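Coordinate analysis (summary)
The lines below spell out each chain.
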Amino acid sequence: MFNLILFGPPGSGKGTQSEKLIERYGLKHLSTGDLLRSEIARHTALGQEAKNVMDKGQLVPDEVVIGMISSALDQNPQAMGFLFDGFPRTSAQAEALDKLLDLKKSSISVMLALEVSEEELVKRLLKRGETSGRSDDTNEQVIRARIIEYHNKTAAVADYYRQFDKVKMVKGEGSVNEIFQGLCQEIDSRLPR
Ligand code: AP5
Ligand code: MG
């Protein structure tokens, strides 16, 4: 199995690049943000609770997202590998993911981390907010809160994988295709032959 974490701050292009990567490499895309938004759209109790937190730009509790990832892994026993997008976002989530994969005799192959300046992130998210209907994109204060949450809790996840020498920084600014080529280069050099 080839398991990839696509890492980066809010608006760094994880979702955009994930769509292209799963098509090229046949990985199963697991985005905790998408899973949470689908709970919100279906008006579940979990969705309602998550929405209150997401609208403030804060992280939903670890046990909620770990539970969602655990079921998604169980539901996809045939997957050739997983692309994790927006997960893990705390050190506790990273440790939980390692344990879940270990139970399946698997592990993270690499974390590719998209580097984008803060001003570019805010610009992209405000622009998307004009049309996306995502309530956490419409106001600059919530966007800034998401970026602060990233620095306070999520950036440390890269340090967690760095101790296993699994992190590669990739340029996240430029055209979508240029960035995609950069990611593919890193993946191709690590794919089992
Ligand atoms: P989540 O859905 O994961 O959002 P995010 O990490 O804040 O990031 P985005 O999805 O907004 O950005 P992205 O990196 O995917 O970029 P995209 O490709 O869309 O999380 C939302 C919330 O859910 C969190 O705040 C939290 O509350 C909760 N949550 C989710 N996972 C959680 C977890 N594990 N633990 C706890 N809570 C969790 O691109 C952004 C925009 O830029 C788009 O409009 C795109 O078209 C544009 N764009 C992309 N590439 C380029 C480019 N090269 N040049 C110009 N524009 C570009
Ligand atoms: Mg996304």
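About the criteria used
- Residues numbered from 1 in each chain as written.
- Chains lettered and ligands numbered in written order.
- Predicted model: local features only at pLDDT ≥ 70, side-chain atom pairs only at ≥ 80, totals over all residues.
- Heavy atoms only, no water.
- Helix = DSSP H or I, 4+ residues; strand = E, 2+ residues; numbered from the N terminus.
- Rg over C-alpha atoms; globule rule 2.2 N^0.38 Å.
- Buried < 20%, exposed > 50% of the residue type's maximum accessible area, 1.4 Å probe, protein only.
- Areas by Shrake-Rupley, 256 points an atom, 1.4 Å probe, with all protein chains shown as cover.
- 1 Å grid on protein atoms, 1.4 Å probe; cavity = no way out; pocket = protein on both sides within 12 Å on 5 of 7 lines; lining within 4 Å.
- Points joined across faces, edges and corners; volume = space filled by probe spheres on them.
- Nonpolar A, V, L, I, M, F, W, Y, C, P; charged D, E, K, R; others polar.
- Salt bridge = Lys/Arg side-chain N within 4 Å of Asp/Glu carboxyl O.
- Phe/Tyr/Trp six-rings, centres within 6.5 Å; stacked < 30°, edge-to-face > 60°.
- Lys NZ or Arg CZ within 6 Å of the ring centre and 35° of its normal.

What follows concerns the overall build of the protein chain. Per the secondary structure count, the protein chain includes eight helices and five strands. N-terminal to C-terminal, the α/β element order of the protein chain is β-α-β-α-α-α-β-α-β-α-α-β-α. Taken over the C-alpha trace, the protein chain has a radius of gyration of 16 Å; the compact-globule value for 193 residues is 16 Å, and the two agree within 12%. Along the first, second and third principal axes, the C-alpha atoms of the protein chain reach 45 × 40 × 30 Å. Counting over 193 residues, the protein chain shows a buried share of 46%. Summing over all exposed atoms, the protein chain offers an accessible surface of approximately 10100 Å²; the carbon and sulfur share of this is 49%.

Below, the discussion takes up the layout of surface pockets. The volume enclosed by the largest pocket comes to roughly 950 Å³. Taken together, 46 residues line the largest pocket, and the ones lying closest to its centre are Pro10, Lys14, Arg89, Arg134 and Arg146. For the lining of the largest pocket, the elements supplying multiple residues, two or more each, are β1 (4-7), α1 (14-25), β2 (28-31), α2 (32-41), α6 (118-129), α7 (140-162) and α8 (176-188). Class assignment of the residues belonging to the lining of the largest pocket gives a composition of 16 nonpolar, 18 polar and twelve charged. Lining the second largest pocket are Arg37, Ile40, Ala41, Lys51, Met54, Asp55, Ser132, Gly133, Arg134, Ser135 and Asp136. When contributions to the lining of the second largest pocket are tallied by element, the ones reaching two or more residues are α2 and α3 (45-54). For the lining of the second largest pocket, the element with the highest residue contribution is α2, accounting for three residues. Per-class residue counts for the lining of the second largest pocket are three nonpolar, three polar and five charged.

Across all of its chains, the model carries 16 salt bridges by this definition. Residue lysine 104 pairs with aspartate 74 through a salt bridge whose shortest N-O separation is 2.8 Å. Of this pair, lysine 104 sits in the loop between α5 (91-103) and β4 (110-115) while aspartate 74 sits in helix α4 (residues 62-75), and the two are 30 residues apart along the sequence. Judged by its relative accessible area of 37%, lysine 104 falls in the partly exposed class. Where arginine 124 meets glutamate 120, a salt bridge forms, and the shortest distance between an N and an O atom there is 2.8 Å. Of this pair, arginine 124 and glutamate 120 both sit in helix α6, separated by four residues, roughly a single helical turn.

Overall, the coordinates contain five aromatic pairs when judged by the stated rule. The interplanar angle of 45° and the centroid separation of 5.9 Å between the aromatic rings of phenylalanine 7 and tyrosine 150 together place this pair among those described as tilted. Separated by 143 residues along the polypeptide, phenylalanine 7 in strand β1 and tyrosine 150 in helix α7 bring together distant segments of the chain. For the residue pair phenylalanine 7 and tyrosine 150, the accessibility class agrees, reading buried in each case. Consider the rings of phenylalanine 84 and phenylalanine 87, whose centres lie 6.4 Å apart with planes at 45°: the pair is tilted. Assigned by exposure class, phenylalanine 84 and phenylalanine 87 land together as buried. An aromatic cluster is defined as three or more aromatic residues linked by ring pairs; in this entry it consists of Phe82, Phe84 and Phe87. Above the plane of the ring of phenylalanine 180 lies lysine 20, whose end atom (NZ or CZ) is 4.8 Å from the centre.

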